[in-house]
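So you can see what is in the structure, the chains are spelled out below.
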Amino acid sequence: MIPYGRQDIREEDIAAVTEVLRSDMITQGPVVPRFEQAVAGQVAAAHAVAVNSATSALHLACLALGVGPGETVWTSANTFVASANCARYCGAAVDFVDVEPATGNISIPALEAKLAQAARVGVIPRVLIPVHFAGQPVDMPRIAALAEEYGFSVIEDASHAIGAQYQGEAVGSCRYSDITVFSFHPVKIITSGEGGMAVTNDATLAAHMARLRSHGITRDSKLMDRLPDGPWYYQQIELGFNYRMTDLQAALGLSQLQRLAAYIKRRCTLADKYEQSLADLPCRPLLRDAAAQSAWHLYVIRLDDPGRRREVFEALRARGVGVNVHYIPVPSQPDFAQLGFDMHDYPGARDYYAAAISLPLFPALSDAEQDEVVHHLREVLT
Ligand SMILES: *Cc1c(COP(=O)(O)O)cnc(C)c1O
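As the structure is a computational prediction, the values presented were derived from the model and not from experiment.

Trainee: For this particular structure, what's the right way to read the site of the ligand?
Mentor: Around the ligand lies a shell of 15 residues, among which Thr 55, Asp 157, His 160, Ser 183 and Lys 188 are the nearest. One of the side-chain N or O atoms of Thr 55 is found 2.5 Å from an oxygen atom in the ligand. Separating an oxygen atom of the ligand from a side-chain N or O atom of Ser 183 is a distance of 2.8 Å. Notes on the ligand: free accessible area 380 Å², of which the protein chains cover 93%. Sorting the residues of the shell around the ligand by element identifies α3 (54–64) and α4 (82–89) as the ones contributing at least two each.

Below, the structure is given as structure tokens:
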């Protein structure tokens, strides 16, 4: 089976991890801050906080921005459940904004309408979490203007989008957001096994997330309510977690980061090839935003006849093509539906979901394998 996504592990990755295994510190050693600095440098953000997953990074980002009981967080209806669960971990409410069926990204008109309605009843969200779906950046300048107008904070869920650009600027620069979150799960653009990172230009937010990642403990005497008992002293000044990344993970992530540009280039080449090869078939690629350079985490096609989606999916799987579907709309999940969400409120997400299939796309996918995928899709569709 050709999978829809797969990590690319090279000898230099193995050597980097092995070196840490032979060192004194295998977690919280010198490599985590090196990986943090490298990612911050890559995306031109001032600060980075590495954690054990993007889910943890989203949780800490919400807490640092004051999300708690009585607050609401909004995210896209077309995303992985983690983008919504982070609000619930904080005891906050979550709500969803509909998406543009042609891109799978949050719909700016739907967001504008929902904000206008929210302003009328006086319940502006504390935080909006736009998701750069499939690696194509959302129109962040527009979101930043709305954040300014209505007074909410913004966390970019860039789990799909390290290496992507908008108007020539790297996703993660945080020019239009408070915090950006990346995932290093093996199917994502680069991997650390499990892992995530939050980047920000705000030193206070960064320090707060770094403290929360390790139990809310500080050794900074300025933050303590009394003088230290001695040089061993630390204080837990709030409730935090163990969300630390290990040096083993950081070494893998740092080694992979060296190949980020090559990975994006290969993903772009494969995406362009799919677009050309499938042009005459009864399906469409996602619409590209001319201002965006996608990281191409996913290659999604939408069938002209959504009624055939299941049959096409099953036929491709039977032929060894590991297609997938991204995503089942989050408000339709039972654990969200029981909170009162109704899919009739998300016509864009329903329309998008009904027709979507993700084709295999990863840097090590060979030209021959891609030809095979195209061949099978052509046979199944025509
Ligand atoms: C993968 C993913 C996450 C969660 O990432 P983990 O590192 O697995 O916790 C969050 N949001 C989106 C959009 C994702 O694709």
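Trainee: Would you explain the pattern of salt bridges in this entry?
Mentor: A side chain with one charge may pair with a side chain of the opposite charge, provided their charged atoms come close. By the definition in use, this model includes 23 salt bridges. Across the pair Asp 371 and Lys 273 runs a salt bridge, and its minimum N-O distance is 2.9 Å. Taken together, the residues Asp 371 in helix α13 (residues 367–381) and Lys 273 in helix α9 (residues 260–277) connect sequence positions 98 residues apart. Given a relative accessible area of 41%, Asp 371 falls into the partly exposed group. In this structure, the salt-bridge partner of Arg 308 is Glu 311, at a minimum N-O distance of 2.8 Å. A cluster of three or more residues bridged by salt bridges with shared partners is formed by Asp 8, Arg 10, Glu 12, Asp 13 and Arg 259.

Trainee: Help me out: how do you make sense of the pairing of strand β9 (residues 196–200) in this one?
Mentor: Remember that side chains alternate between the two faces of the sheet whenever the strand is regular. A large share of β9 lies buried, amounting to 5 of its 5 residues. Burial along β9 is two-sided: Gly 196, Ala 198 and Thr 200 facing one way and Met 197 and Val 199 facing the other are all buried. Across 5 bridges, strand β1 (residues 47–51) lies against β9 in antiparallel orientation. Across the sheet, the residue bridging to Ala 50 is Met 197, located in β9. As defined by bridge partners, strand β8 (residues 179–183) adjoins β9 across 5 bridges and the pair is classed as antiparallel. Across the sheet, Val 181 pairs through a bridge with Ala 198, a residue of β9.

What counts, and at which threshold
Residues numbered from 1 in each chain as written. Predicted model: local features only at pLDDT ≥ 70, side-chain atom pairs only at ≥ 80, totals over all residues. Heavy atoms only, no water. Near = heavy atom within 4 Å. Polar contact = N/O pair within 3.5 Å; in protein donor to acceptor, adjacent residues only side chain to side chain. Areas by Shrake-Rupley, 256 points an atom, 1.4 Å probe, with all protein chains shown as cover. Helix = DSSP H or I, 4+ residues; strand = E, 2+ residues; numbered from the N terminus. Salt bridge = Lys/Arg side-chain N within 4 Å of Asp/Glu carboxyl O. Buried < 20%, exposed > 50% of the residue type's maximum accessible area, 1.4 Å probe, protein only. Pairing = 2+ DSSP bridges.

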